[in-house]
Amino acid sequence: MDDRAYRKLKDDVFSVIWEELAPLEQEIENKEALPYDKIMPALRRVGAFGFLVPERFGGHGLMIRQYLPIIAEFAKIQGGVRVIVHVHNSFGHAISELANAEQQAALLPGVASGEKSVAFALTEPDYGTGADLGTRAYRDGADYVINGHKWLITNSDLASHFLVLAKTSDTEVSSILVERDRLGLTIEPLPETMGCKGGEHGRLTFSNVRVPVTNLVGKEGDGQDNLERALEISRVFIAASSLGTGQYAFELSLRHARQRITFGKPIAQRQAVQRYLAEMAMDLQALRLMLDDAAAKWDAGERIPAVASMVKLFGLEAVGRITDRALLVHGGIGYTRAHPVERLYRDARLNWLEEGTPTIQHLVTAREFLDGHWWADDFAGTKR
């Protein structure tokens, strides 16, 4: 998308965010449910479901550097709304990169319009992550038959399709598209979350669910590679969400520090508060520059496993520090629902868990360096 069209799109999206979606915050937080009758038409009107879908399928076809400021802006308002946009676009993008031409043609026009949506079914209640799966898919003629359990599956109430990671042999993990109306698939809600209220993170049970072999994404055994590629760039999107939440917490803290008077002067004049604000600003600047670097590399066609894990990890740590300090700047009033800082504090904590915990990010980053798979001129020294 050229710069002029992009500026127009961004202006339209930001207007919808602040004029139509942000005012829904109290309703969502009070009811712990998303008013889809208000949210979905607003998102469709600006093409928010097709940010990363190629233009030939009806999407906007944004570069990653163009998408990051948009998902960051969504992260400033109620977190459940951000989750819808993030998951839908992340796995629509994954389909555009991983699926074959027939699968893309069948799915992506509907994804771009919001009529269809793909959710990622990886996490299981009795297993770990990656290849540690209990869900099995065995071949029976022209079908796969799937059995197993998934949980904490975001957008499970909206998804028309699930990209399911399952073992197709004792040693191979494969990724298979499963339509939500397949016989034998049941979808149940899980308890409400700490933050990002209203977003659904459900439990899926597969009981002899049959899907055609043509629903296989890639080849048998490609599941781990598909997982890593999909999560790699989605981790950057989580870091951009951390930036948006942190930026808004910082803006609110600046405003409060200027307005709050104690002992006859604004608390902004107190050295302790100035230190909090300076530390918040440093975290934001560092995260912003890391995101710029990650986007530039991905848009240039590079794989970025270490970069993505580092920026995701730094982002979650930064937004944690920023919201901690925002609460300290606001004092007691920040701990009440009378002020957005309380919501931002809770919403930010989901960033710890999305697309892999901190321990996963440490593992991926260290592995890439130790195995010699990733190096960059950014790092001083000589590779030996």
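What this report covers is the structure whose coordinates are included nearby. Every chain begins its residue count from 1, and numbering advances along the sequence as written. Local features in a predicted model are, by the rule used here, given only for residues with pLDDT of at least 70; side-chain atom pairs are given and counted only at 80 or more, and totals for whole chains, interfaces and linings are based on all residues. The side-chain figures draw on all heavy atoms in the structure; neither hydrogens nor water molecules are used.

Salt bridge criterion: a side-chain nitrogen from Lys or Arg within 4 Å of a carboxyl oxygen from Asp or Glu. Within this structure, the stated rule accounts for 25 salt bridges. Taking the shortest distance from any N to any O, the salt bridge between Glu-279 and Arg-325 comes out at 2.6 Å. Of this pair, Glu-279 sits in helix 8 (residues 271-299) while Arg-325 sits in helix 9 (residues 305-330), placing them 46 residues apart in sequence. A relative accessible area of 18% means that Glu-279 is categorised as buried. Between Arg-349 and Asp-324 there is a salt bridge whose closest N-O contact spans 3.1 Å. Note that Arg-349 is positioned in the loop between helix 10 (340-348) and helix 11 (358-370) and Asp-324 in helix 9, a separation of 25 residues in sequence. Given a relative accessible area of 17%, Arg-349 falls into the buried group. Overlapping salt bridges bring together Glu-25, Arg-343 and Asp-347 as one network. Elements are defined by DSSP. Helices are runs of H or I of four residues or more, strands are runs of E of two residues or more, and each kind is numbered from the N terminus. Burial classes follow relative accessibility: with a 1.4 Å probe on protein chains only, a residue under 20% of its type's maximum area counts as buried, one over 50% as exposed, and anything between as partly exposed.

What follows covers the packing of helix 1 (residues 3-21) against helix 4 (residues 64-74). Where helix 1 contacts helix 4, the two axes come as close as 10 Å, and the packing angle between them is 10°. Relative to helix 4, the element helix 1 is oriented roughly parallel. Packed against helix 1, whose contacting residues are Tyr-6, Lys-10, Val-13, Phe-14, Ile-17, Trp-18 and Leu-21, the element helix 4 presents Arg-65, Gln-66, Pro-69, Ile-70, Glu-73 and Phe-74 at the interface. We call Asp, Glu, Lys and Arg charged. Ala, Val, Leu, Ile, Met, Phe, Trp, Tyr, Cys and Pro are nonpolar, and the rest, Gly among them, are polar. Class assignment for the residues of the contact of helix 1 with helix 4 results in nine nonpolar, one polar and three charged. For every element, the axis is a line fit to its C-alpha atoms; helices are fit only across the contacting stretch, and the angle between N-to-C directions ranges from 0 to 180 degrees. What sets the label is the angle itself: under 35 degrees gives roughly parallel, over 145 gives roughly antiparallel, 65 to 115 gives roughly perpendicular, and the rest give oblique. Contacts between residues were defined by any pair of non-hydrogen atoms, one from each residue, lying within 4.5 Å.

This part covers helix 1. Across its 19 residues, helix 1 extends 25 Å between first and last C-alpha, which sits within 8% of the 27 Å expected from 1.5 Å per residue. Buried within helix 1 we find Tyr-6, Leu-9, Val-13, Val-16, Ile-17 and Leu-21. When helix 1 is viewed along its axis, its buried side chains cluster within an angular range of 100° and face the same direction. Every exposed residue of helix 1 that faces more than 90 degrees away from the buried side is listed here: Arg-4, Lys-8 and Glu-19. Each element contacted by the buried residues of helix 1 is listed here: helix 2 (25-31), helix 3 (36-45), helix 4 and helix 5 (79-98). Where helix 1 starts, the residue carrying a side-chain oxygen 3.2 Å from the main-chain nitrogen of Arg-4 turns out to be Asp-2. For a helix, the expected span equals 1.5 Å multiplied by the residue count minus one. Directions pointing from the helix axis toward each C-beta atom define the arc. Definition of a polar contact: a pair of N or O atoms within 3.5 Å, with one able to donate and the other able to accept a hydrogen when the atoms are protein atoms, and with sequence-neighbouring residues admitted only if both atoms are side-chain atoms.

Aromatic rings from Phe, Tyr and Trp, taking only the six-membered ring of Trp, are treated as a pair when their centres fall within 6.5 Å; an angle between ring planes under 30 degrees marks them as stacked, one over 60 as edge-to-face, and anything in between as tilted. A full pass over the atoms with the stated rule returns four aromatic pairs. Between Trp-18 and Tyr-248, the ring centres sit 5.6 Å apart and the planes meet at 65°, which makes this aromatic pair edge-to-face. One end of the pair, Trp-18, is in helix 1; the other, Tyr-248, is in helix 7 (residues 223-259), and 230 residues separate them in sequence. Given the relative accessible area of 14%, Tyr-248 is considered buried. Here the aromatic rings of Phe-51 and Tyr-67 are separated by 6.0 Å at their centres, their planes lie at 50°, and the arrangement is tilted. You can see Phe-51 sitting in the loop between helix 3 and helix 4 and its partner Tyr-67 sitting in helix 4, a full 16 residues away along the chain. When sorted by exposure, Phe-51 lands in the same class as Tyr-67, which is buried. Pairwise contacts between aromatic rings join Phe-51, Tyr-67 and Phe-237 into one cluster.

A separate point is unusual backbone geometry. Of note, the phi angle at Leu-152 is positive, near 55°, even though the residue is not glycine. Position of Leu-152 relative to the elements: it lies in strand 3 (residues 143-154). What makes Leu-152 partly exposed here is its relative accessible area of 49%.

Looking now at the side chain of Lys-197. Mapping Lys-197 onto the fold places it in the loop between strand 6 (185-188) and strand 7 (201-212). The exposure class assigned to Lys-197 is buried, which follows from its relative accessible area of 11%. Of note is the side chain of Lys-197, whose polar atom sits 2.7 Å from the backbone oxygen of Thr-193. Not counting chain neighbours up to four residues away, the residues in contact with Lys-197 comprise Ile-28, Glu-29, Glu-32, Leu-34, Gln-78, Gly-80, Glu-192 and Arg-346.

Both cavities and pockets are sets of points on a 1 Å grid over the protein atoms alone; in a cavity a 1.4 Å probe fits but cannot get out, in a pocket the set is open with protein on both sides within 12 Å along at least five of seven lines, and lining residues sit with an atom within 4 Å of a point. Grid points are joined across faces, edges and corners, and a volume is the space filled by probe spheres set on the points. Here the largest pocket is characterised by a volume of approximately 1200 Å³. Thr-123, Leu-353, Glu-354, Glu-355 and Gly-356 are the residues nearest the centre of the largest pocket, which is lined by 46 residues in total. Listed by contribution, the elements that provide at least two residues to the lining of the largest pocket are helix 5, strand 1 (118-121), strand 3, helix 7, helix 9 and helix 11. Here the residues of the lining of the largest pocket are counted per class, giving 21 nonpolar, 13 polar and 12 charged. Approximately 270 Å³ is the volume attributed to the second largest pocket. In this structure, the second largest pocket is lined by 14 residues; those nearest its centre are Leu-68, Pro-69, Ala-72, Leu-243 and Arg-288. For the lining of the second largest pocket, the elements supplying multiple residues, two or more each, are helix 4, helix 7 and helix 8. The greatest single-element share of the lining of the second largest pocket, amounting to five residues, is contributed by helix 4.

By secondary structure assignment, the location of Ile-71 is in helix 4. On the basis of relative accessible area, Ile-71 is assigned to the buried category, the value being 0%. Spatially, the C-alpha atoms of Ile-71 and Gly-47 are 13 Å apart, while their sequence positions differ by 24 residues. With residues near it in sequence (within four places) discarded, Ile-71 still touches Arg-82, Val-85, His-86, Phe-237, Ala-240 and Ser-241.

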